[in-house]
Amino acid sequence: MVNLTINGLRVSVEQGATLLEATRFLGFPIPTLCHMDGLSPYGACRLCVVEIGQGPGTRLVSSCTYPAEEGLQVRTASSRVLRARRMVLELLLASCPQSKTIQDLASAHGVRRQRFRQEHEDCILCGLCVRMCSEQMMAGAIGFRNRGEGRSIGTPFDAKSEVCRLCGGCQYVCPACQLRCTYTEPDKAICGGCANLSAPCVEKERFDDMMCYLNPCVACEIRKD
Amino acid sequence: MKRLTSIGEFAAFQNRLSAARSPHIPTLVIPAGACGQASGANELIRAAKREIGHRQLEGRIRLRVTGCHGFCEMEPSVLVEPDRTFYPRVKPGAMARIVEATASGQVLGDLLFTDPATGVRVQKQDDVPFFRGQTRTLLSHMETTDPLRIESYVANGGYSAAIKVVERRDPRWVVNEVKASGLRGRGGAGFPTGLKWERLAQQRDGKGKFLVCNADEGDPGAYMDRSVLEGNPHSIIEGMIIGAYATGADTGIIYVRNEYPLAVKHLSIALAQARELGLVGRSILGTNFSFEIDLVKGAGAFVCGEETALIRSIEGKMGEPRQRPPFPIERGIDGKPTAINNVETWANIPLILRNGAEAFARTGTPGNSGTKIFSLVGKIRNTGLVEVTMGAAIQSIIHDIGGGPSGKARIKAVQTGGPSGGCIPAERFDLPIDYDSLAKAGSIMGSGGMIVMDENTCMVDIAKYFMSFLKDESCGKCFPCRKGTQRMHEILEDISKGQGTREQLELLEELAGAVKDTTMCGLGQTAPNPVLSTLHYFRREYLDHIERKRCPAGVCRDLISFSIGETCDGCHACVQVCPEGAIAGKKKQRHVIDPVKCVKCGACQSVCKSEAVFVA
Ligand SMILES: Cc1cc2nc3c(=O)[nH]c(=O)nc-3n(C[C@H](O)[C@H](O)[C@H](O)COP(=O)(O)O)c2cc1C
Ligand code: FES
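Treat the numbers as computed from the prediction; the structure is a model and nothing was measured. (Residues numbered from 1 in each chain as written. Chains lettered and ligands numbered in written order. Predicted model: local features only at pLDDT ≥ 70, side-chain atom pairs only at ≥ 80, totals over all residues. Heavy atoms only, no water.)

Regarding the packing of aromatic side chains
Then comes step 1: Applying the stated rule across the entire model yields 13 aromatic pairs over all chains.
Then comes step 2: Ring centres of Phe86(B) and Phe113(B) lie 6.4 Å apart, and the angle between their planes is 50°; on these two criteria the pair is classed as tilted. With a gap of 27 residues between them, Phe86(B) in strand 4 (residues 85-87) and Phe113(B) in strand 5 (residues 113-114) connect regions that are remote in the sequence. When sorted by exposure, Phe86(B) lands in the same class as Phe113(B), which is buried.
Then comes step 3: Relative to Tyr159(B), the ring of Tyr153(B) has its centre 5.3 Å away and its plane inclined at 85°; by these criteria the two rings are edge-to-face.
Then comes step 4: The exposure class assigned to Tyr153(B) is buried, which follows from its relative accessible area of 4%.
Then comes step 5: Here the aromatic cluster, defined as three or more aromatic residues joined through ring pairs, consists of Phe71(B), Phe86(B), Phe113(B), Phe130(B) and Phe131(B).
Then comes step 6: The aromatic ring of Phe538(B) is capped on one face by Lys412(B), whose charged end is 5.7 Å from the ring centroid.
Then comes step 7: A cation over a ring is seen here: Lys477(B) above Tyr42(A), with NZ or CZ 4.4 Å from the ring centre. (Phe/Tyr/Trp six-rings, centres within 6.5 Å; stacked < 30°, edge-to-face > 60°. Helix = DSSP H or I, 4+ residues; strand = E, 2+ residues; numbered from the N terminus. Buried < 20%, exposed > 50% of the residue type's maximum accessible area, 1.4 Å probe, protein only. Lys NZ or Arg CZ within 6 Å of the ring centre and 35° of its normal.)

Some details on the side chain of Thr519(B)
Then comes step 1: Tracing the backbone through its elements, the reader meets Thr519(B) in the loop between helix 21 (502-518) and helix 22 (522-526).
Then comes step 2: A distance of 2.8 Å separates a polar atom in the side chain of Thr519(B) from the backbone oxygen of Val515(B).
Then comes step 3: Ignoring anything within four residues of it in the chain, the contact list for Thr519(B) reads Arg46(A), Cys478(B), Pro480(B), Cys481(B), Gly524(B) and Gln525(B). (Polar contact = N/O pair within 3.5 Å; in protein donor to acceptor, adjacent residues only side chain to side chain. Contact = heavy atoms within 4.5 Å.)

Focus on the domain arrangement of chain B
Residues and elements named next belong to chain B.
Then comes step 1: As assigned here, chain B comprises domain 1 (19-128), domain 2 (150-360), domain 3 (365-454), domain 4 (459-547) and domain 5 (561-615).
Then comes step 2: The centre of domain 1, based on its C-alpha atoms, is set 33 Å off from the matching centre of domain 2.
Then comes step 3: Taken together, the nine residues of domain 1 in the interface contact eight residues of domain 2.
Then comes step 4: Here domain 1 packs against domain 2, burying approximately 580 Å² in sum over the two surfaces, 58% of which is carbon and sulfur.
Then comes step 5: Here domain 1 is connected to domain 2 by zero salt bridges.
Then comes step 6: There are two residue pairs in polar contact (both at pLDDT 80 or more) connecting domain 1 and domain 2.
Then comes step 7: Its residues assigned to classes, the side of domain 1 that touches domain 2 comprises five nonpolar, three polar and one charged. (Domains from an automatic or database assignment. Buried area = accessible area lost by both parts, 1.4 Å probe. Salt bridge = Lys/Arg side-chain N within 4 Å of Asp/Glu carboxyl O. Nonpolar A, V, L, I, M, F, W, Y, C, P; charged D, E, K, R; others polar.)

Things to note about the interface of chain B and chain A
Then comes step 1: Each partner contributes to the interface: chain B provides 33 residues, whereas chain A provides 35 residues.
Then comes step 2: For the chain B and chain A pair, buried surface summed over both sides reaches about 3000 Å², with 53% attributable to carbon and sulfur atoms.
Then comes step 3: Sorting the residues of chain B by area buried against chain A places Phe479(B), Arg487(B) and Asp517(B) first, and these three jointly supply 21% of that buried surface.
Then comes step 4: In this assembly, chain B and chain A are joined by nine salt bridges.
Then comes step 5: Where Arg115(A) meets Glu510(B), a salt bridge forms, and the shortest distance between an N and an O atom there is 3.1 Å.
Then comes step 6: Across the contact surface, chain B and chain A share 22 residue pairs in polar contact (both at pLDDT 80 or more).
Then comes step 7: Sorting the residues of the side of chain B that touches chain A by element identifies helix 19 (459-473), helix 20 (479-496) and helix 21 of chain B as the ones contributing at least two each.
Then comes step 8: If you tally residues by element for the side of chain B that touches chain A, the top one is helix 20 of chain B, at ten residues.
Then comes step 9: Residues that form the side of chain B that touches chain A fall into these classes: twelve nonpolar, eight polar and 13 charged.

Let's talk about the confidence of the model for chain B
Then comes step 1: For chain B, per-residue confidence averages 95 on the pLDDT scale, and 100% of positions sit at 70 or higher.
Then comes step 2: Interface confidence in the predicted complex, given as ipTM, is 0.92; pTM for the same model is 0.93. (pLDDT = per-residue confidence, 0-100.)

Focus on the packing of helix 19 of chain B against helix 24 (residues 539-547) of chain B
How two helices sit against one another is set out by the angle between their axes and by the gap between those axes.
All names here are of chain B.
Then comes step 1: One way to put it is that helix 19 packs onto helix 24 with a least axis distance of 8 Å and a crossing angle of 95°. Here helix 19 lies roughly perpendicular to helix 24, going by the angle between them. Here Met459, Val460 and Ala463 of helix 19 come into contact with helix 24, specifically with Glu541, Tyr542 and His545. (Axes fitted to C-alpha atoms, helices over the stretch in contact; angles between N-to-C directions. Parallel < 35°, antiparallel > 145°, perpendicular 65-115°, else oblique.)

Here we look at the sheet that holds strand 1 (residues 27-31) of chain B
All names here are of chain B.
Then comes step 1: As summarised here, the arrangement of the four strands in space is 2-1-3-4, forming an open sheet in which the pairing is mixed. Each edge of the open sheet is held by one strand with a lone partner, namely strand 2 (62-66) and strand 4. Ignoring which end each strand starts from, the neighbouring axes of this sheet average 20° apart.
Then comes step 2: Of the strand pairs in this sheet, strand 1 and strand 3 (residues 78-81) are connected by three bridges, and their pairing is antiparallel. Note that in strand 3 the partner of Val29 across the bridge is Leu79.
Then comes step 3: Here helix 3 (residues 41-54) sits on the sheet in contact with strand 1, strand 2 and strand 3, set at roughly 160° to strand 1.
Then comes step 4: Seen against the sheet, helix 4 (residues 95-103) touches strand 1, strand 3 and strand 4 and runs at an angle of roughly 145° to strand 1. (Pairing = 2+ DSSP bridges.)

Structural notes on the site of ligand 1
All names here are of chain B.
Then comes step 1: Around ligand 1, the structure places 18 residues, and the nearest of them are Gly187, Asn214, Asn341, Asn342 and Thr345.
Then comes step 2: In the environment of ligand 1, an oxygen atom lies 3.2 Å from a nitrogen or oxygen atom belonging to the backbone of Asp216.
Then comes step 3: One of the backbone N or O atoms of Ile340 is found 3.4 Å from an oxygen atom in ligand 1.
Then comes step 4: For ligand 1, the protein covers 90% of the area, taking 610 Å² as the surface of the free molecule.
Then comes step 5: Residue assignment for the shell around ligand 1 shows that the elements contributing at least two residues are strand 10 (338-342) and helix 22.
Then comes step 6: The greatest single-element share of the shell around ligand 1, amounting to three residues, is contributed by strand 10.
Then comes step 7: Looking at the shell around ligand 1, its residues break down into three nonpolar, nine polar and six charged. (Near = heavy atom within 4 Å. Areas by Shrake-Rupley, 256 points an atom, 1.4 Å probe, with all protein chains shown as cover.)

Right, here's the structure in full:
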């Protein structure tokens, strides 16, 4: 067992537990965006930052990836943490204003304005879909490509994936994307019919190989065969 | 080459080579690193060979082609040993005269270096101001070593430190020597190397350990590591052999960026030679010590210089940093303990073991021992690589060695540490160069890039440049790093266009703080440094852009205009180079620039002989 102090409270957790798990065990709320139980920790959104250490050596780390260490001092809601989180949320809001998840988080943290030039992106590259696809669905159909400004998620060479089973797991976990879920074009990898007002399934012939594995489809209740 | 199967055989081999050295025979040393080749060293080498052959001087004059000696500004150059006569910027046509003069023991006065301060010709390289102020323990080996011949390295005492270590059979002693030397990592963070090795030596899982040479040097304006790789690859291999013996590592990896073709070539050749000679591989020199070294070529992502990203890249995955702890020393490549050191760190190791830890610890200042190579670039007269003892004042590098500004404008700052570092203003040039002083001044030591800026450099523009580099080179995993660098760049762009506001400046500072705080790896944590340090020391310039809509350095295109003054003699040169046809005027009469057509490329200014083109 590892003993540490979180917001002044002592807690013992198992070796290998993350700070997020330790903190949640005590019931302190920590916002997360790229973390999901059952998927490996990734540490991309940096919303879950907490302050560790004492004196001049304090620093912020992402609680979802940082392992609990013996004797560690953790603060989950210091002014430095809150300030940093608000800036991350402001950045998120500036890029993805249409996401309900982000709007809710921003509102809960008192972020009421957004001072950057407004963008409308449909992906924050949190990587949940990538991990869902490879870790839970064992497909590995999508992954990250490129770096920096050019980073994106997709299938290799943007070709229709051979290994994608159209399970929709990626959409299910996505905290931001709305656009992707309304596509009905035959060359898109995913059907997304369930989130679509005019379900593509009615054109069964055209979208046959895109239909999800749920049979019948929960949205249109049309059977594949 | 015959494989050496015992330490005794190696000693005999080395003695034979040392005895055959005959240092009294005049030798033309031509530096031909990537920098030398770019300025025409190959041409020079060809001419030298031709002239020596032509005059049948083969036994009487030798030619040695080496890596960069450091004075890149004066390349292609020739150093004549043993007198150490230095001929800068040699034209291939002059080679015949140099060969002839060297053969008859003469010096060509007209080809010598002229000290710009005194106008006096200087014969010996060591008397040239650029070289005089340096302490060249690493760089001096660049002059004596032919990187393509292991014999050359061995003849000069190479690999004797590794042999000494293997003979002594005491890994603990090696670690203690490195600890006692006080050597700190030259890759930027300055972590004590001995301590790192001690931790690796303590790892006992029996599944193997890795040593890595981090040769992914990617900061703009820095090329110290490249020159060591090109000029003295065996010193790195020897360093790694010593490291392996000390820590019990069985595999070494040199991670070198593919953009360094000459370094890759020289390393591959050096590795093949060392393997052939039995210095690398299974049972080294017949002992039961084995150590294999592989070369891994990086695809040129700046972030792959970061330890954990480098490890992932070596594993064949996407170069993306991960959470530390667990540190690579516990879980590195394929989950095995891994110690990563910088090129220059490795190159220092054989010297420490050859000359003793004490001698190393004596140079520099307490806590910052040894020497450090810097690449001095930008608005400086003597561009090149300089090696000084740690703790030397910035002033001495810029003014004594660097020779001051390259143009008429005053030097106003120097950027250390590349995109992760910050700028240091001229008022603080009395600062000693060591890890701690630079960090206190808001910059970092980094791997040794020094970009000199003068009054014609706009600090907003500099910050914008680094941010544009970082927004492309961030791996993009941490959202605040990816978006934060993009947003900082966006705000800086607004400011440089005169569209910035005071509120944006506040936002920029706030954002910079948040990016520093929330990101995972060193790239994000140091990315705001160029912004924060320029804001700290040069806030006035930012305010000029925002409030007066002016760029004091005359760089930001949207805030400047070109005009032609009275000194114009109407030579028409500018009219001919203007790509937009924006300049009009009769010959021998003052010309005028049409501000509507002008795209502010500055071509007119660069060709004007009477200095009549003004920027306002
Ligand atoms: C973004 C980034 C880039 C880096 N690039 C390099 C590099 O090009 N070369 C290098 O030796 N170290 C680089 N480092 C530092 C390494 O992570 C590591 O600290 C170093 O190689 C350790 O070796 P040392 O102890 O010998 O300095 C970089 C670090 C970061 C965060
Ligand atoms: S939840 Fe921890 S970084 Fe995203």
